[in-house]
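Okay, here's what each chain looks like letter by letter:
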Amino acid sequence: MATLLYIKANPKTNQDSRTFRISETFIDSYRKKNPGDQIIIRDLYEENVQPLTAEQLQERFNAMDEESIKKHPVYKYALEFKNADKIVIAAPMWNLGFPAILKCYLDYIMAVGITFKYTENGPVGLCEGGKKVVHIVTRGGVYSEGPAAAYEMGDKYLRVVFGFLGIYDFTTIAAEMLDVIGTDVEGIMANALKDAEDTANNF
Ligand SMILES: Cc1cc2nc3c(=O)[nH]c(=O)nc-3n(C[C@H](O)[C@H](O)[C@H](O)COP(=O)(O)O)c2cc1C
């Protein structure tokens, strides 16, 4: 039985968010195909994930034994992430990146000794072992190709961060150009929903 961690980073509801329309389709298809798997949903806004505080940083620098780490709230998300086999991130493009709450969450999961470590040859990811990530994103404009491609920093950042942690199986499902007047929004969404179903069936 695999564990899938579904990370939601948008204040909108499933009904109002185009990103969640795609990610919920992905999760429904995955659930049908893998009824025995555990799916953990982390809605970052419902969780009210906050930036790391000075106190929490200090707690992370205090030497902790393995047992204390497992119980300490500051490591909750990092341990959950480390234990997941598959990760789905649903986040719209915001200001060339993604909603800031997702960065706050990443600051929790990037934990020395859990998801990566420092060695004399530099940092090494500790999430190796075949974890897979799917990033589901919608965008108002076009950033996957063309003149604005260099400005895209959300998907790129996630890809680099997960590579840093030792996760190289990274797939992107993107629906773009959704805010451009005259666009066939439903046509683009239909393609993305199909992509989500197909990807989920082989995830
Ligand atoms: C705060 C904010 C910032 C945005 N920044 C960008 C952007 O930089 N580039 C872009 O193409 N679209 C941008 N958009 C548009 C959204 O990416 C687009 O409408 C997306 O489909 C919204 O997803 P949702 O329906 O899941 O909320 C932004 C939207 C918001 C609300």
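These figures come from a predicted structure and were not determined experimentally.

Taken as a whole and assessed by the stated rule, the structure comprises nine aromatic pairs. Judged by centre distance (5.3 Å) and plane angle (85°), the ring pair of F116 and Y118 falls under edge-to-face. Their ring planes at 35° and their centres at 6.2 Å tell us that F162 and F170 sit as a pair that is tilted. The residues F162 and F170 share a single accessibility class, namely buried. Three or more aromatic residues link up through ring pairs in this structure, and these residues are F26, Y30 and F203. Over the aromatic face of F20 sits the side chain of K8, whose NZ or CZ is 4.5 Å from the ring centroid. Sitting over the ring of F203, K86 keeps its end group 5.7 Å from the ring centre.

Another aspect to go through is the sheet that holds strand β2 (residues 38-43). Read across the sheet, five strands follow the order β2-β1-β3-β6-β7 without closing on themselves; strand pairing throughout is parallel. The strands lining the two open edges of the sheet, one partner per strand, are β2 and β7 (169-175). Mean inter-strand twist for the sheet, computed between neighbouring axes without regard to direction, equals 15°. Two strands pair when backbone bridges link them, and strand β1 (residues 3-8) and strand β3 (residues 86-90) are joined in this way by five bridges, in the parallel orientation. Considered in β3, the bridge of L5 is made with I87.

Around the ligand, a shell composed of 17 residues is seen, among which S17, T19, M93, T138 and D179 lie nearest. Here a nitrogen atom of the ligand sits 2.7 Å away from a polar atom, N or O, in the main chain of N95. Here G141 contributes a backbone N or O atom positioned 2.7 Å from an oxygen atom of the ligand. About the coverage of the ligand: the protein hides 76% of its 640 Å² of free accessible area.

This paragraph deals with the side chain of E152. Structurally, the position occupied by E152 is in the loop between β6 (132-138) and α7 (154-165). Other than its neighbours up to four places away in sequence, E152 contacts M93, L96, R139 and Y143.

On inspection of all chains with the given rule, the structure shows 12 salt bridges. With a shortest N-O distance of 3.3 Å, R21 and E186 are connected by a salt bridge. Here E186 lies in helix α8 (residues 185-201) and R21 lies in helix α1 (residues 18-33), a separation of 165 residues in the sequence. Here E186 falls in the partly exposed class, since its relative accessible area comes to 47%. Linking R139 and E176 is a salt bridge whose minimum nitrogen-to-oxygen distance equals 2.8 Å. Linking R139 in the loop between β6 and α7 with E176 in the loop between β7 and α8, this pair joins segments that are 37 residues apart in sequence. The network of salt bridges with shared partners includes R42, E47, K76 and E80.

Right, let's talk about the UniProt feature "binding site: FMN" (unreviewed entry) in the protein chain for a bit. The UniProt record marks M93, W94, N95, L96, T138, R139, G140 and G141 with the feature "binding site: FMN" (unreviewed entry), using the residue numbering of this structure. Taken together, the annotated residues stretch across 49 residues yet fold into one region, lying no more than 12.3 Å apart by C-alpha. In the annotated set above, the residues contributing to the lining of the largest cavity are M93 and R139. Setting aside its immediate chain neighbours within four residues, R139 contacts M93, S144, E152, D155, A174, A175, E176, M177 and L178. Its location among the elements puts G140 in the loop between β6 and α7. Accessibility expressed as a relative area gives 22% for G140, which makes it partly exposed. Setting aside residues no more than four positions away along its own chain, G140 makes contact with M177, L178, D179 and V180.

In this section: the side chain of S29. Take S29: it is sitting in helix α1. We classify S29 as buried; its relative accessible area is 13%. Among residues more than four places away in sequence, those in contact with S29 are E197, A200 and N201.

About the thresholds
- Residues numbered from 1 in each chain as written.
- Predicted model: local features only at pLDDT ≥ 70, side-chain atom pairs only at ≥ 80, totals over all residues.
- Heavy atoms only, no water.
- Phe/Tyr/Trp six-rings, centres within 6.5 Å; stacked < 30°, edge-to-face > 60°.
- Buried < 20%, exposed > 50% of the residue type's maximum accessible area, 1.4 Å probe, protein only.
- Lys NZ or Arg CZ within 6 Å of the ring centre and 35° of its normal.
- Pairing = 2+ DSSP bridges.
- Helix = DSSP H or I, 4+ residues; strand = E, 2+ residues; numbered from the N terminus.
- Axes fitted to C-alpha atoms, helices over the stretch in contact; angles between N-to-C directions.
- Near = heavy atom within 4 Å.
- Polar contact = N/O pair within 3.5 Å; in protein donor to acceptor, adjacent residues only side chain to side chain.
- Areas by Shrake-Rupley, 256 points an atom, 1.4 Å probe, with all protein chains shown as cover.
- Contact = heavy atoms within 4.5 Å.
- Salt bridge = Lys/Arg side-chain N within 4 Å of Asp/Glu carboxyl O.
- UniProt positions renumbered as here; feature names shortened; annotations may be inferred.
- 1 Å grid on protein atoms, 1.4 Å probe; cavity = no way out; pocket = protein on both sides within 12 Å on 5 of 7 lines; lining within 4 Å.

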